[in-house]
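Spelled out, the chains give:
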Amino acid sequence: MKVAVLGAGAIGAYVGAALHRAGAEVHLVARGPHLAAMRQHGVQVLSPRGDFVARPHATDDPAAIGPVDYVFLGLKANSYAACGPLINPLLHEKTAVIAAQNGIPWWYFHRHGGPHDGHRVESVDPGGTVSAVLAPERAIGCVVYAATELEGPGVVRHLEGTRFSIGEPDRSISERCQEFSTAMKDGGLKCPVEPDLRNDIWLKLLGNISFNPISALARATMREMCVHGGTRKVIEIMMTETLSVAEALGCEVGVSIERRLAGAEKVGDHRTSTLQDLERGKPLELDVLLAAVVELAEITGVEVPTLRTVHAISDLLALRSAA
């Protein structure tokens, strides 16, 4: 099995290292000091489950890799529309694209069924620019439950979790999903193939839609947001509104808000990816988290006043941080 990891940051390099340990032919696409470190020393994984080093091929030139069976997409969702020059050399007729993104994916209504089948979510696929680069037919959904950070160039700190749930937009249990799942499991990760990944998308989003923007606005860790009475209440309201949108679209999360908050508090003083991006001067990945759900609330007729308020304020933060 030939796999390219496009955007081999903390999550991408961690997955690539695991797949390499499982015997897959893995190619990491990265740049800068991180690429140089991986070329020289391999991917160094520091984990409570045991440290290890993997030495897959690493490059900044996808053309040197050629077509692969799977592209594991570790890029931020706001860079998908511009990734054509990077991903095109990696594609053949049957290449699957596994997008490890938070929030609502561009393929969400592809083969969804029902009244919204084929609907394009403008917030995540403006003008169809993402679908033009990443054909929905190639997409395998992926919800990441692992927490990792780049501790330094080429060094991935694995904090917790090893589950990467995957699934087809049409809800089938496909051969390509099963093949990728087996390779991930052989590399020491959990990778269940879900019959309806959209339920997992909303479960993960329940936390991301609230913790990520609030963490950036307050410069706070997961624990700090959970133990502060005011922010905890705001997060509870945001989660309640999010669940209403999910239910209007026929999805069931299956976890109570209190349990979700308890799990987040247990994570401790972890900084969300949005807070990390803010601190590093990177674009904030909020459209797929907040703007998309506000848009879905509009088409389903669900009232989400708190989500709208937090979106307005965090959107201004995103614009100012990008200036």
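Our subject is the structure that appears above.
What counts and what doesn't
- Residues numbered from 1 in each chain as written.
- Predicted model: local features only at pLDDT ≥ 70, side-chain atom pairs only at ≥ 80, totals over all residues.
- Heavy atoms only, no water.
- Helix = DSSP H or I, 4+ residues; strand = E, 2+ residues; numbered from the N terminus.
- Rg over C-alpha atoms; globule rule 2.2 N^0.38 Å.
- Buried < 20%, exposed > 50% of the residue type's maximum accessible area, 1.4 Å probe, protein only.
- Contact = heavy atoms within 4.5 Å.
- Phe/Tyr/Trp six-rings, centres within 6.5 Å; stacked < 30°, edge-to-face > 60°.
- 1 Å grid on protein atoms, 1.4 Å probe; cavity = no way out; pocket = protein on both sides within 12 Å on 5 of 7 lines; lining within 4 Å.
- Points joined across faces, edges and corners; volume = space filled by probe spheres on them.
- Nonpolar A, V, L, I, M, F, W, Y, C, P; charged D, E, K, R; others polar.
- Pairing = 2+ DSSP bridges.
- Core = buried A, V, L, I, M, F, W, Y, C linked by side-chain atoms within 4.5 Å.
- Patch = residues over 30% accessible without salt bridge, like charges linked within 9 Å, V, L, I, M, F, W, Y side chains within 5 Å.
- Areas by Shrake-Rupley, 256 points an atom, 1.4 Å probe, with all protein chains shown as cover.
- Salt bridge = Lys/Arg side-chain N within 4 Å of Asp/Glu carboxyl O.
- Lys, Arg positive; Asp, Glu negative; His and termini not counted.
- Charge placed at Lys NZ, Arg CZ, Asp CG, Glu CD.

1. Digging into the overall build of the chain
Across its full length, the chain holds twelve helices and eleven strands. Computed over C-alpha atoms, the radius of gyration of the chain comes to 19 Å, within 12% of the 20 Å expected from 2.2 N^0.38 for 323 residues, which places it in the range of a compact globule. Principal axes of the C-alpha set define a box for the chain whose edges measure 50 × 40 × 40 Å. For the chain, the proportion of its 323 residues judged to be buried stands at 56%.

2. Comments concerning the side chain of His112
Secondary-structure assignment places His112 in the loop between strand S7 (96-99) and helix H4 (129-133). In this structure His112 touches Asp117, Arg171, Arg198 and Leu249, once residues within four positions along its chain are discounted.

3. Some points on the packing of aromatic side chains
Per the counting criterion, the structure on display carries three aromatic pairs. Ring centres of Tyr80 and Trp106 lie 5.7 Å apart, and the angle between their planes is 85 degrees; on these two criteria the pair is classed as edge-to-face. Of the two residues, Tyr80 is situated in the loop between strand S6 (70-73) and helix H3 (84-87) and Trp106 in the loop between S7 and H4; the sequence distance between them amounts to 26 residues. For Trp106, a relative accessible area of 6% puts it in the buried group.

4. Quick notes on the environment of Ala99
Its location among the elements puts Ala99 in strand S7. Here the alpha-carbon distance between Ala99 and Phe180, two residues 81 residues apart in the chain, equals 13 Å. Aside from chain neighbours lying at most four places away, what touches Ala99 is Leu73, Tyr80, Trp106, Ile140 and Cys142.

5. So, the layout of surface pockets
Put simply, the second largest pocket is a space of about 290 Å³. Around the second largest pocket, the lining comprises 19 residues; the ones closest to its centre are Ala77, Asn78, Ser123, Leu284 and Asp287. Among the elements of the structure, H4, helix H11 (287-300) and helix H12 (305-322) are those that each provide at least two residues to the lining of the second largest pocket. Residue contributions to the lining of the second largest pocket peak at five residues, all from H12. Residue composition of the lining of the second largest pocket, by class: twelve nonpolar, four polar and three charged.

6. Brief notes about the pairing of strand S3 (residues 43-46)
Here S3 pairs with strand S4 (residues 52-54) via three bridges, running antiparallel. Within the sheet, the bridge partner assigned to Val43 lies in S4 and is Ala54. Remark: five residues form the turn of the hairpin made by S3 and S4, two consecutive strands paired antiparallel; Gly50 in that turn has positive phi of roughly 120 degrees. Looking at chain direction, S3 and strand S10 (residues 155-160) are connected through three bridges and run parallel. Note on S10: the bridge partner recorded for Val45 is Val156.

7. With respect to the nonpolar core
Of all hydrophobic cores here, the largest spans 72 residues; its most connected members are Leu73, Ile87, Leu134 and Trp202. Here this core takes ten residues from helix H6 (residues 197-218), the largest share from any one element. Those residues in contact with Ile87, other than ones at most four positions away along the chain, are Leu6, Val71, Leu73, Val97, Val133 and Leu134.

8. Concerning a negative patch on the surface
Taken together, the side chains of Glu25, Asp69, Glu175 and Glu179 define an acidic patch exposed on the protein surface. Examined against the element boundaries, Asp69 turns out to sit in the loop between strand S5 (57-59) and S6.

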